[in-house]
Amino acid sequence: MAAKRKFNIFDHELVPEHRILSDEEKAELLKKYNIKLSQLPQIKASDPAVEELGAKPGDIIEIKRKSPTAGIYYYYRIVVED
Amino acid sequence: MHSIKKVIGKIEFGILAPQEIRKMSAAEITVPDTYDDDGYPIDGGLMDKRLGVIDPGLRCETCGARAGECPGHFGHIELARPVIHVGFAKTLFRVLQSTCRECGRILLTDEEIEEYMHKFEFAEGRRSEINRLIKEIHKKVKERKTCPHCGAPQFPIKFEKPTIYWETRIDEEGNEYKHRMMPSEVRDRLEKIPDKDLSLLGFHPENSRPEWMVLTVLPVPPVTTRPSITLENGVRAEDDLTHKLVDIIRINNRLKTNIEAGAPQLIIEDLWDLLQYHVTTYINNETSGVPAAKHKSGRPLKTLSQRLKGKEGRFRGNLSGKRVNFSARTVISPDPMISINEVGVPLAIAMELTIPEKVTEFNMEKLKKLISNGPDKYPGANYVIDPEGRRIRIMETNRETVLEMLDIGWTVERHLMDGDIVLFNRQPSLHRMSIMAHRVRVMPYKTFRLNLSVCPPYNADFDGDEMNLHVPQTEEAQAEARILMEVQNHIISPRYGGPLIGGIQDHISGGYLLTREGAYFTRLEVEQMLMFAGVDVDELPEPDRVEKGVEFWSGKTIFSLLLPKDLTIWYENKVGCKDKEKCEKLKKAIEEKLVLSDEEIRELSDDGFVYIRNGKLLSGVIDKKAYGREDGRLLDLIVKEYGTERGKQFLNQVTKLAIWVITHKGFTTAIDDEDLPQDAIERIREIIREAENNVNRLIQAYEMGELDAHPGKTLEETLESLIMQKLAEARDQAGDIASQYLGMGNHAVIMAKTGARGKILNITQMAAMLGQQSIRGKRLYRGYRGRVTTHFKPNDLGAEAKGFVVNSYKSGLTPTEYFFHAMGGREGLVDTAVRTAQSGYMQRRLINALQDLKVDYDGTVRDPSGIIVQFRYGEDGVDPMKSWGGKTLNVDRVIVRTLLKMRGE
Ligand SMILES: [Mg+2]
Ligand SMILES: [Zn+2]
Ligand SMILES: [Zn+2]
């Protein structure tokens, strides 16, 4: 699966920035929205961006997207097993 | 409110095993009859008292409860011979093809079984993946000639709809012959399939064995599922299901006696097929290839599938949507005199629909008056509810006692009265604005009345449309309707952030007649129109003109009386500027100074550019751009800066004012609106000649091979597009000539230019020429070989032969032109029909997917289990209905308002 890619997908302009949240940030996020991990949107461990970051199931990914209405919009997804 | 005691964790579906059917059965049913001559249920019959009771007075022999309390109990029929369940016939065919006829194993090698088991595990219950695998296995296995497990030869199986299976066998001499597999043989084979192979066929061995798809026992639904009804003449009519079950039992019994008597195989098979037919139609009476079972009257029976399927079926008709109380439906008609948030309710409906009102010391007298009026005199009341919750119908006989007993804490269900809040709805309810809250106005006659401005959100007209009305019963529901659903809260559309409700048609034309340059009115007229529009002014402004002692007010001055006193706005209107330079100068001047002097206004003002300063219309005419739908700038501004209530008031007043003006000035359009002078007609003819010549030259060039193909197009396509271009030009030129001769004195032109109704193109088509007719953007070409109709030579590429109509609606179409026009017109009809069907389906899918999502108090969008869909609604948390074109703030407006304030204006 983790075969070497010839290019970094994050270099592509259509791929938004992805980032793994630290444990503190994770706790903060869950507290802010008063949710359990299972109530977060999901992203598969086999997602190219997740593989590139090396995130493991259980990690939360922060996606910084461009938004036509809000300018910048942060979306959070929990990594789940494939 | 009840607290939730139990939560459904999961639901498992499966097929009933014969043993299970027997276990849940309260009685075996053997008698093909219902009631005896005394009307008493026959033991062992289809109305057996062990299956529950529906007649009052009888007790259920299974649970002991009376009719209405007993939920009913299943019974069963032991079938003399097994029959195929139609709903599973296709599945059975697949299973038969996939398994060995001798040992019952799946026709995969052990290695393949291993491999697929692995793949199934990997699919992890994903339905689409599992379905794909099952299909793949079936495709692979059905061609296998021998069993990989026992080596037995396999024969091809044919499936004859709906329930017959044939096996093509080979006899000792090597001849092929067809063997019919009776259901018992099918069942024997299925029984042999081992559990471990079943999952590869898509079965869950514990919940559904394939042989259970061949019925040996038939469940008989409880009596409560198929109640008999007594007609007026006292005759009992049985439910369709009961009729069908009678047939099944009768044939089953006959089959049983014949088998026991050792009847010939042929007779037994005939009866067996008959049993199969009855069971098939009992399950689905619309099976293709099976004649539907019918009543004596010829009406097809409504059996199990028919109860569930389709629009009127259990799912769509009773679970997704149901009939409700406190609602009314009738034809709608227009009433320009009522407010946009009112609805005219016929008296007869107002006396049927009620609102529960709690008795307090403040309303006691009023409610007592209503009760003494009773249900038949308006305004009255139909029921009272005592503190224990008992409903008492008010009647002539008990009126006095009810009045005496009535006290604080009782509830009176009084008639609908003026000012009550109700929900008003027109199907298809495609968006939020299809259901809005209105205030009741009780009126005579039998139709619902609504203001013309609310026709667009409902998409209503008055060619026989009907609408529904619902009366919210609780204070919470009424408050919610009042705050969220009232019409004025929906003037601004959430789709594009502009007004969805606004002036239409005559409202726009009238606004133009009122405010155009040179429109002056006498004191009498002004007083009348203001009174009509419901505008409350203490004193009229100074007259704009006094001639021979007669005072005159301009329409602009009168219009200004409806505007908020500090409203300032400027824009180029729909009519537009004739002198672009002058308008540009005016716009610049306003943007620079904001406040122009009287001289500047006199010099620069133009009917095409609106300038309103501090609630005074100083320049420009009022048209669709002011308070029309979609682009009503003025209405938009009033709603957003002065609130929905002010917006409603403005719209009510301005539409009535416009109606007064249009009725008193007179406004008609007729065929002479399309009259053109002779020289205009000459010029149009010249254009047509010119266009035809151009087309002929192009065709000649093409035929001589002098035409160069455009990039990406063939030579023919190039020619077509050049011709189309030339002909479109010709129509535009003809239209230009027509509009040169038709000015703002022409009512059709007024309507087109102000945006009230129609486009200039419509006038062009009426007065000058219809132009090119097209299908799918191409000139007409279909019909005969190389030509559309036989009136032309084959392969004629000329304008006239391919749908160019040189006549106008007024001059009249030639027969060929008429036919071309019908061809083009048909495309439009087909398009709308197809589009509505497709968008309706899409809409239902979307609604099913989105209906349970909501915006939470923290601004997140979540589903019912709290799973987050958006971390902020719309990513920016903005309600488009309450925004400035999608933005939370309009900085320009803030600056304008501040500047005006600073200058003390
Ligand atoms: Mg209609
Ligand atoms: Zn019972
Ligand atoms: Zn075998």
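Not measured: the values here are computed from a predicted model. (Residues numbered from 1 in each chain as written. Chains lettered and ligands numbered in written order. Predicted model: local features only at pLDDT ≥ 70, side-chain atom pairs only at ≥ 80, totals over all residues. Heavy atoms only, no water.)

Peer 1: In this structure, what is going on with the overall build of chain B? I would like to understand it.
Peer 2: Across its full length, chain B holds 29 helices and 30 strands. The C-alpha atoms of chain B give 39 Å as radius of gyration, which overshoots the globular expectation for 905 residues (29 Å, by more than 25%). The burial tally for chain B puts 45% of its 905 residues in the buried class. Sequence-distant contacts in chain B: of pairs separated by 6 or more residues, those separated by 24 or more amount to 65%. Looking at charge distribution, chain B has the averaged site of its 128 positive side-chain charges lying 1 Å from that of its 134 negative ones. (Helix = DSSP H or I, 4+ residues; strand = E, 2+ residues; numbered from the N terminus. Rg over C-alpha atoms; globule rule 2.2 N^0.38 Å. Buried < 20%, exposed > 50% of the residue type's maximum accessible area, 1.4 Å probe, protein only. Contact = heavy atoms within 4.5 Å. Lys, Arg positive; Asp, Glu negative; His and termini not counted. Charge placed at Lys NZ, Arg CZ, Asp CG, Glu CD.)

Peer 1: I would appreciate a short explanation of empty space enclosed by the protein in the present structure.
Peer 2: One water molecule sets the probe size; rolling that probe over the atoms shows where empty space is left. Residue and element names in this part refer to chain B. What the rule picks out here adds up to two cavities of 30 Å³ or more. Estimates place the volume of the largest cavity at around 40 Å³. Contributing to the lining of the largest cavity are Gly786, Arg787, Val788, Phe792, Lys793, Asp796, Ala801 and Lys802. Roughly 30 Å³ of internal volume is contained in the second largest cavity. Residue lining of the second largest cavity: Gly735, Ala738, Ser739, Leu742, Val749, Ile760, Ile763 and Thr764, and that is the complete set. Secondary structure elements with two or more residues in the lining of the second largest cavity: helix H25 (715–741) and helix H27 (760–767). (1 Å grid on protein atoms, 1.4 Å probe; cavity = no way out; pocket = protein on both sides within 12 Å on 5 of 7 lines; lining within 4 Å. Points joined across faces, edges and corners; volume = space filled by probe spheres on them.)

Peer 1: Explanation requested: the coordination of the zinc ion (ligand 2) in the structure shown.
Peer 2: Tetrahedral coordination by four donors places them ideally at 109.5 degrees to one another around the metal; octahedral coordination by six donors ideally gives 90 or 180 degrees. Residue and element names in this part refer to chain B. Within the protein, the zinc ion (ligand 2) binds to Cys60 (SG), Cys63 (SG), Cys70 (SG) and His73 (NE2); these donor distances fall in the range 1.9 to 2.3 Å. For the zinc ion (ligand 2), the four donor atoms in the first shell make angles of 108 to 112 degrees at the metal, a pattern classed as tetrahedral. The sequence pattern describing where the donors of the zinc ion (ligand 2) fall on their chain is C-x2-C-x6-C-x2-H. Taken together, the positions of Cys60 in the loop between helix H1 (18–24) and strand S1 (75–84) and Cys70 in the loop between H1 and S1 put the pair 10 residues apart, joining distant regions of the chain. (Donors = N, O, S within 2.8 Å, 3.2 Å for Na, K, Ca; no water. Tetrahedral: all angles 85-135°; square planar, octahedral: opposite > 155°, others 65-115°.)

Peer 1: Could you clarify how one ought to interpret the state of the cysteines in this entry?
Peer 2: Covalently bonding the sulfur atom of one cysteine to the sulfur atom of another cysteine gives a disulfide. All names here are of chain B. Following the criterion strictly, the structure yields one disulfide over all chains and no others. Residue Cys577 pairs covalently with Cys583 via a disulfide, S to S 2.0 Å. Looking down the S-S bond of the Cys577 and Cys583 bridge, the torsion is -95 degrees, so its handedness is left-handed. You'll find Cys577 and Cys583 in the same group, each marked buried. (Disulfide = S-S within 2.5 Å.)

Peer 1: I tried to follow the coordination of the zinc ion (ligand 3) on my own but got confused; where do I start?
Peer 2: Residue and element names in this part refer to chain B. Summarising the metal site, the zinc ion (ligand 3) is bound by the protein donors Cys100 (SG), Cys103 (SG), Cys147 (SG) and Cys150 (SG), whose distances to it range over 2.3 Å. With four donor atoms in place around the zinc ion (ligand 3) and angles of 107 to 112 degrees between them, the coordination shape is tetrahedral. One chain supplies every donor for the zinc ion (ligand 3), spaced along it as C-x2-C-x43-C-x2-C. Highlighted residues: Cys100 in the loop between helix H2 (89–98) and helix H3 (110–123) and Cys150 in the loop between helix H4 (127–141) and strand S2 (157–160), separated in sequence by 50 residues. With a relative accessible area of 1%, Cys100 lands in the buried category. The exposure class assigned to Cys150 is partly exposed, which follows from its relative accessible area of 41%.

Peer 1: Please explain the pattern of salt bridges as it appears in this structure.
Peer 2: Should their charged atoms come close, side chains of opposite charge can pair. Taken as a whole and assessed by the stated rule, the structure comprises 56 salt bridges over all chains. A salt bridge links A:Glu62 to A:Arg19; the shortest N-O distance between them is 3.2 Å. Taken together, the residues span a long stretch of sequence, with A:Glu62 in strand S3 (residues 60–67) and A:Arg19 in strand S1 (residues 17–20) at a distance of 43 residues. Judged by relative accessible area, A:Glu62 falls into the buried class, the value being 12%. Overall, A:Arg19 belongs to the partly exposed group, its relative accessible area being 33%. Notably, a salt bridge pairs B:Asp247 with B:Lys244, separated by 3.7 Å at the nearest N-O pair. Of this pair, B:Asp247 and B:Lys244 both sit in helix H7 (residues 240–260), separated by three residues, roughly a single helical turn. Through salt bridges with shared partners, a single ionic network connects B:Arg101, B:Glu102, B:Glu167, B:Arg169, B:Glu185 and B:Arg189. (Salt bridge = Lys/Arg side-chain N within 4 Å of Asp/Glu carboxyl O.)

Peer 1: Which parts of the structure should I look at to understand the sheet that holds strand S23 (residues 616–619) of chain B?
Peer 2: Pairing between the strands of a sheet comes from backbone hydrogen bonds, and it takes one of two forms, parallel or antiparallel. All names here are of chain B. In spatial order, the strands read S21-S22-S23; together these three strands make up an open sheet with antiparallel pairing. Unpaired on one side and paired on the other, strand S21 (569–572) and S23 mark the two borders of the sheet. Recorded for the sheet is a direction-independent mean angle of 20 degrees between the axes of neighbouring strands. Across four bridges, S21 lies against strand S22 (residues 609–613) in antiparallel orientation. Looking at S22, one finds that Trp570 is bridged to Tyr611. (Pairing = 2+ DSSP bridges. Axes fitted to C-alpha atoms, helices over the stretch in contact; angles between N-to-C directions.)

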